[in-house]
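# Fold and geometry: a report
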Amino acid sequence: MRYIGNLLLVLLLVLTSCQRQKPRFVIGVSQCSQDIWRDKLNAELRMGNYINKDIELRFASADDSDKRQIEQIDSLVATGIDLLIVAPNQATIVSPAVDRAYDKGIPVVVFDRKTNSQKFTAIIGADNEEMGRQMGQYIATQMKGHGRVLEVMGLKGSSPAIERHRGFAEALSHYPNIELVASLQGDWTEQSAVDAVKGHLGELEHIDYVFGQNDRMAVGARKALANARKLSASTRFCGIDGLPGPDGGIACVIDSVLEASYIYPTHGDKVLQLALDILEGRPYKKENPLVAAMVTHDNARVLMLQNEELERQSANLDRLHRLSDSYLKELNTQRTTTLLACGVIVLLLIAIVLFYLYHIGRVNLRRERVVNSLWDLKPEDVPAIRADEEAEAAVDDGNEETVAEQVATSVFISRFREVVESRLDDSELSVEDLAADMNLSRVQLYRKVKALTGSSPVELLRTARLKRGYQLLLTTDKSVSEVAYQVGFSAPSYFTKCFKEEYGMLPGDVRK
């Protein structure tokens, strides 16, 4: 609902303004390169600026050139910016240009990468050394402390490459039986990893894990080893970035191109908010760490689903903003003669948007309730998502009967979950019993549950029991057998078999 409120505020601010004003603040954004990670960050900066109609953002991309970035920073400063947001390409070379901006009294926010001096106002970004350490620990654990590892590093001299390597090497140093075969030099691009692997003169047979300091280089290393016919079926690849989208790290993990990735957060909204706090004299912290997280097969699909929903909402906001911005450009040319017509049109547009947001809010609320009721099923097991889209279309068409049916469906799902969870410990519980508690026949219950979730009542009952068992294993000291009986399994051996099929590990491994 807060998102809807922000969107309404944007429209009220933009659509009721009939004259472009001089910006209160001008913020320069100096990107070291152009890639999907930085495209995402720039989009988030623009999105975060929609409610700040008097802020101008000026973007510049150096395309991995130190010389170009230095020229762009000096040019931004010369044009009269009020604050500089910068991601230095190579710290040693670009730092003097950042220092010059700071010495002229311009606040500097460093993000993603670091400079070689303390001449900055604030810094925001994830802990690259910790990400390298966590990835090293993950790989060492997967190899059980034995094996051969290859690393492909990012741009030489860039702070993320230095820090990720330092953390990765430190983690592996605790495992004497793990050999770091080589740390090859890339430049963050996929092709650089292909070239680095092809140009390596050492022996690359029997590599167990390849760590690319970003996902693109991990994919490039995989291609290079495959082309050289040195790719073993047991070789696994890990990266960093964990971006959504069809070619991002999360999709690569889902498709088993990568074994794991690590979300390197962009959070352009937080970067912009930090800049505005500095400009407007509000309290702020000089060090602003961003939380990152590992992406594995266990959570990749859930993360992808969440990101797809966020991107859909962001696309709606961006589309509405562009529509309103286009409308304003036309309106400004007729302001003196059509002021009254302008006011009428603005009111109509606000009414349409309110109507749209009202129905979208109802559909999204239902989606949350249905998803929360399905015991964390995998996205591909939930055809109900398609039903959500059909419900949304029905809402747009004004079909109130269909809306009532969707509400009834949500109530049914909630009731079914309540019945199942109240009798999880009953090993004799049958579909007939569930149907009786729901005041339905066995066939009616089966058909309705199958149509809504894509799973049978028995499958959902087993999922609920396994989830409860997992929680008990984590939070109690009960034995596997005690947990199995408590969640309604008639035999611990069958519980163990189902648990491994669901979670990919034995129940006893949970506490390890």
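Structure first, text after, so check above.
Residues numbered from 1 in each chain as written. Predicted model: local features only at pLDDT ≥ 70, side-chain atom pairs only at ≥ 80, totals over all residues. Heavy atoms only, no water.

## Description of the sheet that holds strand β9 (residues 236-238)
The pairing of strands in a sheet happens through backbone hydrogen bonds and is either parallel or antiparallel. With parallel pairing, the 4 strands of this open sheet are ordered in space as β7-β6-β8-β9. Two strands in the sheet have a free side with no partner beyond their single neighbour: β7 (178-185) and β9. Ignoring which end each strand starts from, the neighbouring axes of this sheet average 20° apart. As paired elements, strand β6 (residues 147-153) and strand β8 (residues 209-212) share 4 bridges and run parallel to each other. Opposite Leu-150, over in β8, you have Val-210 as the bridge partner. Each of β6, β7, β8 and β9 touches helix α5 (residues 128-142); the most contacted strand, β8, lies at about 170° to it. (Pairing = 2+ DSSP bridges. Helix = DSSP H or I, 4+ residues; strand = E, 2+ residues; numbered from the N terminus. Axes fitted to C-alpha atoms, helices over the stretch in contact; angles between N-to-C directions. Contact = heavy atoms within 4.5 Å.)

## Some points on the sheet that holds strand β5 (residues 122-125)
Here we have 6 strands laid out as an open sheet, ordered β2-β1-β3-β4-β5-β11, and parallel in their pairing. Each having just a single partner strand, β2 (55-61) and β11 (287-289) make up the two edges of the open sheet. Strand after strand, the sheet turns through a mean of 15° between neighbouring axes, direction not considered. By the bridge criterion, 7 bridges tie strand β1 (residues 25-31) to β2 in an arrangement that is parallel.

## Things to note about the nonpolar core
The biggest cluster of nonpolar side chains holds 44 residues, and the ones touching the most others in it are Ile-27, Leu-83, Ile-85, Met-135 and Ile-139. It is helix α10 (residues 268-279) that provides the largest number of residues to this core, a total of 7 residues. Among residues more than four places away in sequence, those in contact with Ile-139 are Val-149, Phe-168, Tyr-209, Phe-211 and Cys-238. Residues Leu-184, Ala-193, Val-219 and Ala-221 belong to the second largest nonpolar core, which totals 31 residues. (Core = buried A, V, L, I, M, F, W, Y, C linked by side-chain atoms within 4.5 Å. Buried < 20%, exposed > 50% of the residue type's maximum accessible area, 1.4 Å probe, protein only.)

## Notes on the pattern of salt bridges
Tallied over the full model, the rule gives 28 salt bridges. The shortest N-O distance in the salt bridge between Arg-38 and Asp-35 comes to 3.8 Å. Taken individually, Arg-38 and Asp-35 each receive the classification buried, so the pair is uniform in this respect. Across the pair Glu-501 and Lys-497 runs a salt bridge whose closest N-O atoms are separated by 2.8 Å. Pair noted here: Glu-501 and Lys-497 are both in helix α19 (residues 492-503), with a separation of 4 residues, about one helical turn. (Salt bridge = Lys/Arg side-chain N within 4 Å of Asp/Glu carboxyl O.)

## Topic: the pairing of β5
For strand β4 (residues 108-111) and β5, the ladder comprises 3 bridges, and the chain directions are parallel. Note on β5: the bridge partner recorded for Val-109 is Ala-122. Direction of pairing for β5 relative to β11: parallel, over a ladder of 3 bridges. Bridge pairing in β11 places Gly-125 opposite Pro-289.

## What to know about the pairing of strand β3 (residues 83-86)
One face of the sheet, then the other: side chains in a regular strand alternate in exactly this way. Burial along β3 is two-sided: the residues Leu-83 and Ile-85 and Leu-84 and Val-86 are all buried. As paired strands, β1 and β3 are joined by 4 bridges and run parallel to one another. From the neighbouring strand, Val-29 faces β3, where its bridge partner is Ile-85. Here β3 pairs with β4 via 3 bridges, running parallel.

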